[in-house]
Amino acid sequence: MAGILRFSSSNSSLLLKQLPINTRIPSFSNFLHPPKLCFSHFRCITMATSSSSTKNPSSTATFQVPELAADEMERMAEQTFQRYSSNTIKRKGTGTAIVWFRYDLRVLDNEALYKAWVSSESVLPVYCLDPRHFQSTHFFGFPKTGALRAQFLVECLADLRKNLTKRGLNLVIRHGKPEEILPALAKQFSAHTIYAQKETCSEELRVEKLVSRALEKISLTTTMMASSSAPKNPTLRLVWGSTMYHKDDLPFDARSVPDVYTEFRKSVEAKSRIRQCVKLPMSLAPLPPVAVEDWGSIPTVDGLGLQPQQQVSKGMRFVGGESAAIGRVHEYFWQKDLLCVYKETRNGMLGSDYSTKFSPWLASGCISPRFIHDEVKRYEMERLANASTYWVLFELLWRDYFRFISIRHGNSIFQLGGPRRVEKRWSQDQKLFESWRDGCTGYPLIDANMKELSATGFMSNRGRQIVCSFLVRDMGIDWRMGAEWFETCLLDYDPCSNYGNWTYGAGVGNDPREDRYFSIPKQAQTYDAEGEYVSYWLPQLQNLPKESRNFPGKLYINQVVPLKFGGKSNYKSHAQATTYNGRQQQQNSRGDRATRGNKRWN
Ligand SMILES: Cc1cc2nc3c(=O)[nH]c(=O)nc-3n(C[C@H](O)[C@H](O)[C@H](O)COP(=O)(O)OP(=O)(O)OC[C@H]3O[C@@H](n4cnc5c(N)ncnc54)[C@H](O)[C@@H]3O)c2cc1C
Ligand SMILES: Nc1ncnc2c1ncn2[C@@H]1O[C@H](COP(=O)(O)OP(=O)(O)OP(=O)(O)O)[C@@H](O)[C@H]1O
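Residues numbered from 1 in each chain as written. Chains lettered and ligands numbered in written order. Predicted model: local features only at pLDDT ≥ 70, side-chain atom pairs only at ≥ 80, totals over all residues. Heavy atoms only, no water.

Where we set the bar: UniProt positions are given in the numbering used here, feature names are shortened, and annotations may be inferred rather than shown by experiment.
The chain has the name Cryptochrome DASH in an unreviewed UniProt entry, where Linum trigynum is given as its organism. Looking at the Sequence similarities (unreviewed entry) heading of the UniProt record, one finds this comment for the chain: "Belongs to the DNA photolyase class-1 family."

Dropping the structure here:
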């Protein structure tokens, strides 16, 4: 069943189910912008299908990411666990250690799990459903976690429990605050240490502090502890694990990371190396000698106090969990062989294959960036190395960069003036904001992207940059409203990447170029010249001529604000100048090049 698009439209799935496993199925984005094939593509048969449903995907199509069937994901995960297992590694500790899972919902390359296992005779894995994660965002009171991300989390937990159980463990799931749950469990199971992945933003740091303080109040008898010389209370040990480059391997202290990305990247690439993934034996048993009476059930979305949103009925539907994450790497790199064209396709917006789509799993820690790095290197050895294979690592370095920036700049990444403490007047016009949030601005490119976000919890990087620029530059709205709405909706929400990118886009981050204006006409012409993306999300545009779909005039709803730069008359000359292709995409990858010279597009 490899490579089957799970479109809801029945005729396409019928057709696709009959294809042999090694048939290359052109994806959505490949139809729109066929990538140049690299030589490894010749091993695959490029299918010239006459299916109209795959050529012009119906506007009600949903497609699962990864496309693999559940048993195939499980098989891939199992094979990968085998590859990363080691029987030579020995336990050196005594007693019980707890692993507190946070944003590292995986078994493979999990340093906290590794340290807990090595330093104990038994491990108790725990996840706390912290009620604070389901309250409101800080300034504007949006739901802190939207229903789609909650559903993704539920799936991550089910998969984590399954993978731990296969390795002789299980997962305790509790509703409540970690600072209350963990000390109680430490006492009940006489755990000497709680291992967890270190976080960097103040909300998470506060919880770390509260857990540590609460543990100080627990005293275990000396015989319960690992050794008589050990402290009399269990301790919290925080382990670095979220980035591709380990914090301790940076050529500078994380508190003085260079402000400019390129400087950061060059320095790290020249002076640091990426560590290997940690390996553990296939069996991590035993569980603690004291029996766990109630492991806790996998939550449901309504059990988390959220309105269970309708299932994703259009666009991408991401499957949560480590098995799906490993499956997606397999699918994107090895099965579809898309890694070698990534750099040319990465600025697409429609379909699942223009970019890796790893971010939701990276944000919840279902996969480690080190594992992705390992797989890139394996691909380079076994297939080919080119600018695209490097570029995935280049993008992952942006993720690292924003993580380290959060250490350097602390809470200023969440504040209006950003790390540069820029003073500027912003509007908080509710109506304008709502038109942006709901995809009713009168600009199809903005509206389509915002509708995709609400419907699926995902938006392309290109889309994120465009809607961010529109909100802050054309509407003049307080960028934190946009950032908090993203915090609600994104499956891949990560405080560092989200607020880091928003401060960049709003011109309050450390960007050496302050004026990042994304001209909608130019972006539409370059990245959606035939209006296929906008008409997918706004079906009322489907019957318009392709060139009018992004500029429907009176045939679409009124524009809520004029554009700041580059009105219609200007648009024509630019529209002729550029269409989407690899070279153009590079030039436009971070802000309109046209805005760089003269600070505005006009
Ligand atoms: C306003 C705004 C908000 C954003 N919020 C988030 C967020 O909350 N969480 C998040 O993971 N990404 C965020 N991004 C970055 C980026 O849009 C997504 O990581 C990317 O679209 C995810 O799709 P992908 O996995 O297919 O990316 P790919 O293009 O395949 O890139 C591979 C990986 O590189 C990393 N990456 C790529 N671009 C960036 C970037 N600009 N910043 C940080 N990491 C990057 C991601 O981990 C991504 O999975 C934001 C970007 C903008 C402009
Ligand atoms: N993980 C996170 N996700 C979203 N927002 C976060 C996260 N961690 C911290 N923040 C934000 O950081 C800010 C911290 O606000 P808080 O009032 O605690 O400190 P502050 O006012 O910045 O004071 P100080 O800088 O003196 O600590 C809030 O805006 C909060 O929403």
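Read on for the rest.
1. Quick notes on the site of ligand 2
Note the following rule: In this text, near means that some heavy atom of the residue lies within 4 Å of the molecule or strand in question. Each polar contact in these results corresponds to two N or O atoms within 3.5 Å; when the atoms are within protein, one needs to be able to donate a hydrogen and the other to accept it, and residues that are neighboring in sequence are counted only if both atoms are side-chain atoms. For accessible areas, the Shrake-Rupley method is used with a probe of radius 1.4 Å. Any residue's cover is judged against the shown protein chains and nothing else. Of the grid points, spaced at 1 Å and generated over the protein atoms alone, those admitting a 1.4 Å probe that cannot get out make up cavities, while open sets with protein on both sides within 12 Å along at least five of seven lines make up pockets; any residue with an atom within 4 Å of a point is treated as lining. Put plainly, a molecule is in a cavity or pocket when over half of its atoms are within 2 Å of the grid points there. Runs of E in the DSSP output that reach at least two residues are strands. Runs of H or I that reach at least four are helices, and both are numbered from the N terminus. Gly is put with the polar residues, along with every residue not named as nonpolar or charged; the nonpolar set is Ala, Val, Leu, Ile, Met, Phe, Trp, Tyr, Cys and Pro, and the charged set is Asp, Glu, Lys and Arg.
In the vicinity of ligand 2, 14 residues are found, and the nearest of them are Ser 202, Glu 204, Arg 206, Gln 415 and Tyr 493. One of the side-chain nitrogen or oxygen atoms of Arg 206 is found 2.9 Å away from an oxygen atom of ligand 2. In this structure, an oxygen atom belonging to ligand 2 sits 3.2 Å away from a side-chain N or O atom of Asn 411. For ligand 2, whose unbound accessible area comes to 630 Å², protein coverage reaches 66%. In this structure, ligand 2 is accommodated by the largest pocket. It is helix α8 (residues 202–216) that contributes the most residues to the shell around ligand 2, 4 residues altogether. In terms of residue class, the shell around ligand 2 is made up of 5 nonpolar, 4 polar and 5 charged.

2. Notes on empty space enclosed by the protein
We count it as follows: Grid points are joined across faces, edges and corners, and a volume is the space filled by probe spheres set on the points.
Applying the stated criterion to the full structure yields 9 cavities of 30 Å³ or more. Estimates place the volume of the largest cavity at around 970 Å³. Lining the largest cavity we find 38 residues, and of these Ser 359, Glu 395, Asn 461, Arg 464 and Asn 501 sit closest to its centre. Contributing elements (two or more residues each) for the lining of the largest cavity: α12 (359–364), α14 (387–409), α17 (461–474) and α19 (495–506). Classifying every residue of the lining of the largest cavity by side-chain character gives 18 nonpolar, 11 polar and 9 charged. The space that makes up the second largest cavity amounts to roughly 110 Å³. Lining the second largest cavity are 16 residues, with Tyr 103, Leu 362, Ala 363, Arg 399 and Arg 403 sitting closest to its centre. Elements with a minimum of two residues in the lining of the second largest cavity: α12 and α14.

3. Focus on the pattern of salt bridges
Using the following cut-off: One side-chain nitrogen of Lys or Arg within 4 Å of one carboxyl oxygen of Asp or Glu is enough to make a salt bridge. Per-residue accessibility, obtained with a 1.4 Å probe over protein chains only, is compared with the maximum for each type, and a residue is labelled buried under 20%, exposed over 50%, and partly exposed between these values.
Enumeration over the complete set of coordinates arrives at 33 salt bridges. One salt bridge connects Glu 208 with Lys 198, and the closest N-O pair in it is separated by 2.7 Å. Of this pair, Glu 208 sits in helix α8 while Lys 198 sits in the loop between β7 (191–197) and α8, placing them 10 residues apart in sequence. Between Arg 403 and Glu 199 there is a salt bridge; the shortest N-O distance is 3.1 Å. Residue Arg 403 is found in helix α14, and its partner Glu 199 is found in the loop between β7 and α8; the two are separated by 204 residues along the sequence. The two residues Arg 403 and Glu 199 agree in class, both being buried. Salt bridges linked by common partners bring Glu 67, Arg 328, Glu 331, Lys 336 and Asp 353 together as one network.

4. So, helix α16 (residues 444–456)
This is how it is decided: Expected helix span is taken as 1.5 Å per residue step, with the number of steps being one fewer than the number of residues.
Between its terminal C-alpha atoms α16 stretches 18 Å, which fits the 18 Å expected from 13 residues at 1.5 Å a residue. Of all the 13 residues making up α16, 10 are buried; the element is thus mostly covered by neighbouring parts of the structure. Of the positions making up α16, those classed as buried are Pro 444, Leu 445, Ile 446, Asp 447, Ala 448, Asn 449, Met 450, Glu 452, Leu 453 and Thr 456.

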